[in-house]
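For reference, the chains in residue letters:
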Amino acid sequence: MEMEIRQIEMFVAAAEEQHFSRAAERCHIVQSGLSAAIRALETELGTSLFIRNTRRVELSAAGEVFLPEARRILAALRTAKHSLSAVRTGASGRIVISTVQSLASLLDIPRILQDFSRTNPDVEIHVRETRPGDLTTELKRGSVDVAFMPHYGVEYPGLDVAPLLDAKLVIAASLDHRLASRLAVSPDDLSPEPFVDVSVRWELRKLVDQVFLSHGLRRKTSFEVEDLSVLLEFVERGLGLSMVPEVLIRDRPITALNLEPGGMSLPNWGLGMCWASQSGTSSMNPAADLFRDTVRRALQL
């Protein structure tokens, strides 16, 4: 017979109460059951733990040695149960959060993480930057728990998306660009102009390409970059036009061209919080669930 936690609990109760009847009441068991459990424990250990008499029981020398060890076992079990409960509720654990470059002006992620960590100090948080095209794969395979990434109103199979921001796309130009002073710009005005674009690996580039294709327009990509902040610097210096979310140019010396009504329609651009869809009721990462709920409350979603 292997030693059981319940036997250890009854031994500690008897040692502290120094009376089997009171120990049995404390353990919510009849005295005969407690006595049998302790005898079985003594048999397994190969020694007597108590010196018994008619009025009380006292620890034997072996019992004196075993008592602190028994208390440590029970304390370790309580700690383990508390830790498991914290993991189940999301108060403890590890989450990996990913974002894409140049979103700092749109979403104060450090502040969100600071507020979450303050109230959940036992959650270990890892933050990384990843291209949007790679994020969907990482979310699905579980290497990222939550991602803040652009979305464009399209379906992401296998992912859930909570929209955080909706912004319109604009044609951005430097303040001294020749088209900046025009009251209205036609699609034909845009075709000969050099453009600054992000890499084709970015979802934004695919969206921009689709917009021009849908209007039967061709454009010349003179510069292709991997960072939105670099793209905006190129536009500021007059190296080309670019189609970007309007919110990105608000605090920069960049203007949005006025397009002719009905000439060229531009879709909206969105920023969302994404995570892998879950099947069933059990959570794969309660800490990540707690983080998402915190973000929703903070942003009043």
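Refer to the structure presented above.
A. Spotlight on the overall build of the protein. A tally of helices and strands in the protein yields 10 helices and 11 strands. Across the 301 residues in the protein, those meeting the buried criterion constitute 43%. For the protein, restricting intrachain contacts to residue pairs at least 6 apart in sequence, the fraction spanning at least 24 positions comes to 71%. Surface accessibility of the protein: about 16200 Å² in total, with carbon and sulfur atoms responsible for 50%.

B. Examining the packing of helix α5 (residues 109-119) against helix α10 (residues 286-299) more closely. Orientation of α5 relative to α10, taken along the N-to-C sense of each, is 120°, at an axis distance of 11 Å. As summarised for this structure, α5 and α10 are arranged oblique, according to the angle between their axes. α10 is crossed by α5, and the crossing has right-handed handedness. Of the residues in α10, those touching α5 at Ile112, Leu113 and Phe116 are Ala287, Leu290, Phe291, Thr294 and Val295. Partitioned by chemical class, the residues of the contact of α5 with α10 number 7 nonpolar, 1 polar and no charged.

C. Just the packing of helix α1 (residues 5-17) against helix α3 (residues 31-45), in detail. Two numbers describe how α1 lies on α3: the axes approach to 9 Å, and their chain directions differ by 105°. The pairing of α1 with α3 is recorded here as roughly perpendicular in orientation. Within the contact between the two elements, α1 uses Gln7, Met10, Phe11 and Ala14 and α3 uses Leu34, Ala37, Ile38, Ala40, Leu41 and Glu44. Residue composition of the contact of α1 with α3, by class: 8 nonpolar, 1 polar and 1 charged.

D. Representation of α5. Within the span of α5, buried status applies to Ile109, Ile112, Leu113 and Phe116. Each buried residue of α5 sits inside an arc of 95° when the element is viewed along its axis, so together they form one side. Exposed residues on α5 whose side chains face more than 90 degrees from its buried face are Pro110 and Arg118. Looking at the buried residues of α5, the elements they touch are β3 (93-99), β4 (123-129), β5 (146-151) and α10.

E. Geometry of the side chain of Arg219. Relative to the assigned elements, Arg219 resides in the loop between α8 (203-214) and β8 (220-225). At a separation of 3.1 Å, a polar atom in the side chain of Arg219 contacts the side chain of Asp197. Here Asp209 takes part through its side chain, which lies 2.8 Å from a polar atom of the side chain of Arg219. Discounting chain neighbours no more than four positions away, the residues touching Arg219 are Ser191, Phe195, Asp197, Arg205, Val208, Asp209 and Phe212.

F. View of the pairing of β5. Of all the 6 residues making up β5, 6 are buried; the element is thus mostly covered by neighbouring parts of the structure. The pairing of β3 with β5 spans 3 bridges and is classified as parallel. Across the sheet, the residue bridging to Thr99 is Phe148, located in β5. For β5 and strand β11 (residues 268-276), the ladder comprises 5 bridges, and the chain directions are antiparallel. Paired with Ala147 across the two strands is Cys274, which belongs to β11.

G. Region of the structure containing unusual backbone geometry. A positive phi angle is found at Gln18, which is not glycine, with a value near 55°. With respect to the helices, strands and loops of the structure, Gln18 is situated in the loop between α1 and α2 (20-26). A relative accessible area of 32% means that Gln18 is categorised as partly exposed. Residues other than glycine seldom take positive phi values, yet His28 does so here, at roughly 55°. By the element assignment, His28 lies in the loop between α2 and α3.

Reading the values: rules and limits
Residues numbered from 1 in each chain as written. Predicted model: local features only at pLDDT ≥ 70, side-chain atom pairs only at ≥ 80, totals over all residues. Heavy atoms only, no water. Helix = DSSP H or I, 4+ residues; strand = E, 2+ residues; numbered from the N terminus. Buried < 20%, exposed > 50% of the residue type's maximum accessible area, 1.4 Å probe, protein only. Contact = heavy atoms within 4.5 Å. Areas by Shrake-Rupley, 256 points an atom, 1.4 Å probe, with all protein chains shown as cover. Axes fitted to C-alpha atoms, helices over the stretch in contact; angles between N-to-C directions. Parallel < 35°, antiparallel > 145°, perpendicular 65-115°, else oblique. Left-handed = near helix turned anticlockwise from the far one by under 90°. Nonpolar A, V, L, I, M, F, W, Y, C, P; charged D, E, K, R; others polar. Arc of directions from axis to C-beta. Polar contact = N/O pair within 3.5 Å; in protein donor to acceptor, adjacent residues only side chain to side chain. Pairing = 2+ DSSP bridges.

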